[in-house]
Amino acid sequence: MHQRPEIGVAKLLFTPICYVIKHTNKTSKKEIYYRFCCLLLIEFSEMANLNLEIITKNIFKLLDYSGLTDIMFANILGISEKQLRLINSDEAEFNIDNINKACEFFALSLSKINNDDVDIDNTFREKLASKHKNNIEFSSLLALRPSIRHAIRFVLLQYPKFKNDGLIVSEIENVFLEKGWRYTSGYISTGMTRNSEFVKVKGKLIKNGKKVNVYTATK
């Protein structure tokens, strides 16, 4: 993905023009022109300094830490889940509206997500829930169970018995239930397979006459 300073140029021009039209009957032409130029310069200055590659990387990192599923986040941005996946695979790009909506949800300024060093920790989801407690749109999403990837990365990998001895799917299911998160055994098994950068099969054991996988952390 290449840096695109020109991202959102259409909106860059559209926003101040709308402002001018709205205030045409209330302000002198000279004042309108002055405001138009100021808005245009501010917008252009902000857009020219954007690094879309860094912003995209940070948005997906923040999404991971937030625990929202792809479909939840896509709905916030006003795009399809397919479009979000295309962006994640470098086949499409976020536009400025997408980025602004992401900033609103993550409660971070554009300048912060345009920086390589984003301040984030494992309690990010809880912090977001606290910040959005009076915003029903966001708080309702954060009250739901997180993505299986988030559950694995931020709960299961912190569970000592999982790291030291390994757990079978039914035991992993109980770990998540302690947090109030219900996932089916099949969903957990698929999650283990799809998140092989975090988990691996340690071995096998016989449970109720069936051979089952014992999973543990990769590191």
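Quick note: structure is the one above.
This one's a predicted model, so the numbers in the text were calculated from it and none came from an experiment.

Enquirer: Sorry if this is basic, but what is going on with the packing of aromatic side chains here?
Expert: How two aromatic rings sit relative to each other is given by the distance of their centres and the angle of their planes. Tallied over the entire structure, the rule returns eight aromatic pairs. When the ring of Y65 is compared with that of F154, the centres are 4.8 Å apart and the planes differ by 55°; the resulting orientation is tilted. One end of the pair, Y65, is in helix α3 (residues 52-66); the other, F154, is in helix α10 (residues 148-154), with 89 residues separating them in the sequence. A relative accessible area of 12% places F154 in the buried class. Summarising the aromatic geometry, the rings of F105 and F138 are spaced 5.1 Å apart at their centres and angled 80° between planes, so their arrangement reads as edge-to-face. Taken together, the residues span a long stretch of sequence, with F105 in helix α6 (residues 96-106) and F138 in helix α9 (residues 136-142) at a distance of 33 residues. Judged by its relative accessible area of 0%, F105 falls in the buried class. In textbook terms, an aromatic cluster arises when at least three aromatic residues are bridged by ring pairs, as seen for F73, F105, F106, F124 and F138. Above the plane of the ring of Y187 lies R145, whose end atom (NZ or CZ) is 5.1 Å from the centre.

Enquirer: Would you mind showing me how to read the pairing of strand β2 (residues 210-217) here?
Expert: Regular strands place their side chains on alternate faces of the sheet. In the sheet, strand β1 (residues 199-207) pairs with β2 via eight bridges, with the strands oriented antiparallel. When the bridges of β2 are listed, K207 appears paired with K210. Between β1 and β2, which follow one another and run antiparallel, lie two residues, and N208 among them has a positive phi close to 55°.

Basis of the calculations
Residues numbered from 1 in each chain as written. Predicted model: local features only at pLDDT ≥ 70, side-chain atom pairs only at ≥ 80, totals over all residues. Heavy atoms only, no water. Phe/Tyr/Trp six-rings, centres within 6.5 Å; stacked < 30°, edge-to-face > 60°. Helix = DSSP H or I, 4+ residues; strand = E, 2+ residues; numbered from the N terminus. Buried < 20%, exposed > 50% of the residue type's maximum accessible area, 1.4 Å probe, protein only. Lys NZ or Arg CZ within 6 Å of the ring centre and 35° of its normal. Pairing = 2+ DSSP bridges.

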